[in-house]
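The primary structure of each chain is shown beneath.
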Amino acid sequence: MTDKTKGIFLTILLASIIVLVFFGEILKEPNNYYFSAGGDGFKAYYGAIYHLEYDTSAMRMNGMNYPYGEMIFFTGSQPLVVNTVKFISKYIFDINDHIVGIINVLMILSVVVAALFLFLIFYELKINWLFASFAAIGICMLSPQIERFGGHFSLSWLFWIPAMVYLVMRFDKKPSFFIAIIMGMVTLLAGAMHMYFFGFYLFIIGLYFISELFDKERQYSISKGFLFFVIQFLLPVIILQIIISAYDPVPERTTNPYGLLEYRAHPVGIFFPGGKPYAFVPQFLTVFKHISWESLAFIGVTALAGFLFGTIVFFKKVISKKNPFNVTDNHLLNILFWSSFAALLFSFGIPFVFGLEGLAAKLGPLKQLRALARFSWFFFYMLNIVVFYSVYKKTRLFKLKWKIVAAMAFAFLFFDGYWNINLKSRRIHNQIPVLEDKQNTYPENDWISHVNPDDYQAILPIPYFHVGSENIWIGSKNGTQELTMIASLKTGLPTLGVLLSRTSIDQTFTNYALVTEPTEPFSLLNILPDKRPFLLLFNKQS
């Protein structure tokens with residue numbers, strides 16, 4: 001057995017043990033747990049279940065925003081997963097009833113796949129297989145993407161960023177159209193999961209391509225390099241846009257979504273911990289009280305120590321007139337690290353926060369990636385990779401002090417990783433008995449036996465909620481949106497309520513008038529598909 005094979009086997013084994021320890025209870029009955037019982041997380045479950053049970057088109061989810069429905073890529077329902085399940089259920093065997101479990105298991109198993117790619121990255125850097133395996137596991141446990149297990153499920157798949165970093169390494173080692181095509185396929189699949197991955201890959205692939213333009217020792221011409229970039233990034237983006245345009249009749253989605261400079265990262269949220277077991281830190285750094293949870297992506301104590309040490313070395317090199325950008329002895333690793341550092345600065349809102357807010361208005365499609373804080377994730381992975389690569393290089397000097405440093409590095413990595421994954425795993429054991437009551441025997445579901453869904457065309461929730469147009473924001477009160485989604489799944493009726501992304505502005509105002517402007521003509525009534533009444537769902541607690 002080669003070292004690589006031993007490392008792969010050990011990494012998969014250890015990662016599997018980790019997920020069993022922290023998610024074992026869920027894995028026993030994955031279909032009976034909801035990682036989130038409300039908000040964006042429950043909406044993702046709702047969209048997936050409704051799409052499987054009631055939608056006829058693979059590209060449209062008609063459960064919300066009645067009578068228009070919505071393009072599935074704007075619903076957060078993981079179209080690749082849901083439509084694969086839909087295909088299997090239609091042509092092979094029915095697994096529709098297991099969609100909740102499938103979504104849950106895939107999120108959990110993404111930890112194992114991410115650990116494997118991180119091991120392969122370290123192995124490409126010629127790091128000992130045992131060292132590489134443990135470093136990969138620890139980094140995965142600490143990943144800020146685990147926080148997305150509670151919502152934003154499409155962003156919770158940990159392996160997409162490490163996978164592309166590994167592919168760039170393989171491509172740099174031996175450029176070929178075969179690897180470029182694989183990179184393009186990964187870009188397309190990741191972007192189809194969530195378009196933020198296009199943004200992440202623009203930093204990974206795009207800045208690597210730019211660095212190649214200035215590399216006199218590159219292995220191919222500039223024109224060929226541009227062709228590689230087209231295959232790796234531009235073509236997948238164009239393909240997905242063509243697919244979306246073909247099934248999306250809406251011409252006036254917002255071009256200026258809220259939050260571009262509000263949901264940005266903060267240095268404190270990146271370089272300092274804000275929760276257990278470091279609850280004392282926010283008592284001294286009170287800025288934690290003023291930053292959103294989107295800003296929290298702690299890199300870990302080990303990476304923080306490495307960053308501080310590297311910063312000192314950087315300025316020493318500047319003073320001694322050496323090249324300060326060579327943070328390691330590996331040229332490609334240096335490029336990827338500085339690319340991730342550029343992504344970190346972008347996540348802070350740089351340069352827009354320096355009085356250049358007007359420049360943000362000229363970003364075009366990039367404005368849709370409004371939560372800039374998420375771009376810090378690339379930095380999280382690369383900084384930890386660089387730090388453990390550097391620690392390994394030092395341990396090869398066979399000096400006791402560096403072995404102690406390595407031991408402490410791993411100790412803090414696993415300590416921080418334990419708390420990160422443990423705290424999140426405890427918060428996702430949600431059950432929704434009312435929804436799981438298939439026979440509708442619970443008192444809360446008694447109303448269903450008194451209602452014939454065929455007598456109605458849609459559900460109108462009172463109070464009404466509409467979130468997603470970025471022009472009107474009517475939040476849900478006292479769980480109205482969750483009650484509406486459960487009623488929709490129980491009856492098969494779509495709802496006029498909306499909890500989506502970038503909903504049509506025209507459609508929003510048309511629906512909004514029905515519940516808020518009784519003196520105005522109800523233009524919605526002229527476009528309804530039939531004359532049946534709405535089923536009114538009243539939340540008495542609101």
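Residues numbered from 1 in each chain as written. Predicted model: local features only at pLDDT ≥ 70, side-chain atom pairs only at ≥ 80, totals over all residues. Heavy atoms only, no water.

## Remarks on empty space enclosed by the protein
Remark: the empty space left among the atoms is shown by a probe the size of a water molecule rolled over them.
Here is step 1 of the chain: One pass over the full model with this rule turns up one cavity of 30 Å³ or more.
Here is step 2 of the chain: As a volume, the largest cavity reaches approximately 30 Å³.
Here is step 3 of the chain: Around the largest cavity, the lining residues are Ala15, Ile18, Val111, Ala115, Ile137, Cys140 and Met141.
Here is step 4 of the chain: Breaking the lining of the largest cavity down by element, the ones donating at least two residues are α1 (3-28), α4 (99-124) and α5 (129-142).
Here is step 5 of the chain: For the lining of the largest cavity, the per-class residue count stands at seven nonpolar, no polar and no charged. (1 Å grid on protein atoms, 1.4 Å probe; cavity = no way out; pocket = protein on both sides within 12 Å on 5 of 7 lines; lining within 4 Å. Points joined across faces, edges and corners; volume = space filled by probe spheres on them. Helix = DSSP H or I, 4+ residues; strand = E, 2+ residues; numbered from the N terminus. Nonpolar A, V, L, I, M, F, W, Y, C, P; charged D, E, K, R; others polar.)

## Observations regarding the environment of Ser449
Here is step 1 of the chain: Checked against the element boundaries, Ser449 lands in the loop between α17 (433-436) and β3 (458-462).
Here is step 2 of the chain: According to the relative accessible area criterion, Ser449 is exposed, its value standing at 59%.
Here is step 3 of the chain: As for Ser449 and Ile137, which are separated by 312 residues in sequence, their C-alpha atoms are 51 Å apart.
Here is step 4 of the chain: Polar contacts involving the side chain of Ser449 include one to the main-chain carbonyl oxygen of Asp446, which spans 2.8 Å. (Buried < 20%, exposed > 50% of the residue type's maximum accessible area, 1.4 Å probe, protein only. Polar contact = N/O pair within 3.5 Å; in protein donor to acceptor, adjacent residues only side chain to side chain.)

## Some points on the packing of aromatic side chains
Here is step 1 of the chain: On inspection of all chains with the given rule, the structure shows 56 aromatic pairs.
Here is step 2 of the chain: Relative to Phe200, the ring of Phe197 lies with its centre 5.6 Å away and its plane at 90°, an arrangement referred to as edge-to-face. Of this pair, Phe197 and Phe200 both sit in helix α8 (residues 196-213), three residues apart, roughly one helical turn.
Here is step 3 of the chain: Since its relative accessible area comes to 0%, Phe197 is described here as buried. (Phe/Tyr/Trp six-rings, centres within 6.5 Å; stacked < 30°, edge-to-face > 60°.)

## Here's the deal with the pairing of β3
Here is step 1 of the chain: With four of five residues buried, β3 is to be regarded as a mostly interior element.
Here is step 2 of the chain: Strand direction decides the pairing type here: β3 and strand β6 (residues 534-538), joined by five bridges, are parallel. Considered in β6, the bridge of Ile459 is made with Leu535. (Pairing = 2+ DSSP bridges.)

## Examining the layout of surface pockets
Here is step 1 of the chain: Volume-wise, the second largest pocket comes out at about 950 Å³.
Here is step 2 of the chain: In this structure, the second largest pocket is lined by 33 residues; those nearest its centre are Gly306, Phe307, Phe309, Gly310 and Ser390.
Here is step 3 of the chain: Elements with a minimum of two residues in the lining of the second largest pocket: α12 (301-319), α13 (331-347), α15 (376-395) and α16 (400-426).
Here is step 4 of the chain: Split into classes, the residues belonging to the lining of the second largest pocket amount to 22 nonpolar, seven polar and four charged.

## Brief notes about the packing of α12 against α15
Here is step 1 of the chain: With their axes 9 Å apart at the nearest point, α12 and α15 run at an angle of 75° to one another. Taken together, the axes of α12 and α15 lie roughly perpendicular to each other. On the side of α12, the interface is formed by Thr302, Ala303, Gly306 and Phe307, while α15 contributes Phe379, Leu383, Asn384, Val387 and Phe388.
Here is step 2 of the chain: Looking at side-chain class alone, the contact of α12 with α15 contains six nonpolar, three polar and no charged residues. (Axes fitted to C-alpha atoms, helices over the stretch in contact; angles between N-to-C directions. Parallel < 35°, antiparallel > 145°, perpendicular 65-115°, else oblique. Contact = heavy atoms within 4.5 Å.)

## Some details on the side chain of Asn539
Here is step 1 of the chain: By the element assignment, Asn539 lies in the segment after β6.
Here is step 2 of the chain: Polar contacts involving the side chain of Asn539 include one to the main-chain carbonyl oxygen of Lys477, which spans 3.4 Å.
Here is step 3 of the chain: Excluding residues within four positions of it along the chain, Asn539 makes contact with Ile462, Pro463, Lys477, Asn478, Gly479, Thr480 and Leu483.

## Section: the side chain of Glu212
Here is step 1 of the chain: Following the sequence through the fold, Glu212 ends up in helix α8.
Here is step 2 of the chain: Look past the residues within four positions of Glu212 in its chain and what remains in contact with it is Asp172, Arg218 and Tyr220.

## Some details on helix α9 (residues 222-247)
Here is step 1 of the chain: The terminal C-alpha atoms of α9 lie 36 Å apart, and with 26 residues this matches the ideal 38 Å at 1.5 Å per residue to within 8%.
Here is step 2 of the chain: Its maximal kink placed at Val230, α9 deviates by approximately 45°.
Here is step 3 of the chain: Listing the buried residues of α9 in full gives Gly225, Phe228, Phe229, Ile231, Gln232, Phe233, Pro236, Leu240 and Ile244.
Here is step 4 of the chain: Those residues of α9 hidden inside the fold are in contact with β2 (70-71), α6 (160-173), α7 (177-193) and α8. (Expected span 1.5 Å × (residues − 1). Bend = angle between axes of the 7 residues up to and from the residue.)

## Overview of the pattern of salt bridges
Here is step 1 of the chain: Under the defined criterion, the tally for this structure stands at nine salt bridges.
Here is step 2 of the chain: A salt bridge links Arg502 to Glu470; the nearest nitrogen and oxygen atoms lie 3.7 Å apart. One end of the pair, Arg502, is in the loop between β5 (498-499) and α19 (505-516); the other, Glu470, is in the loop between β4 (466-467) and α18 (480-491), with 32 residues separating them in the sequence.
Here is step 3 of the chain: Assessed through its relative accessible area of 10%, Arg502 is described here as buried.
Here is step 4 of the chain: Put simply, Glu147, Lys424 and Arg427 are held in one network by salt bridges that share partners. (Salt bridge = Lys/Arg side-chain N within 4 Å of Asp/Glu carboxyl O.)

## Here's the deal with the packing of α6 against α15
Here is step 1 of the chain: Contact geometry of α6 with α15 gives a least axis separation of 10 Å together with a crossing angle of 60°. The pairing of α6 with α15 is recorded here as oblique in orientation. Here α6 and α15 pass one another in a crossing that is right-handed. Of α15, the residues touching α6 (which contributes Ile161, Pro162 and Val165) are Trp377, Phe378, Tyr381 and Met382.
Here is step 2 of the chain: When its residues are assigned to classes, the contact of α6 with α15 shows seven nonpolar, no polar and no charged. (Left-handed = near helix turned anticlockwise from the far one by under 90°.)

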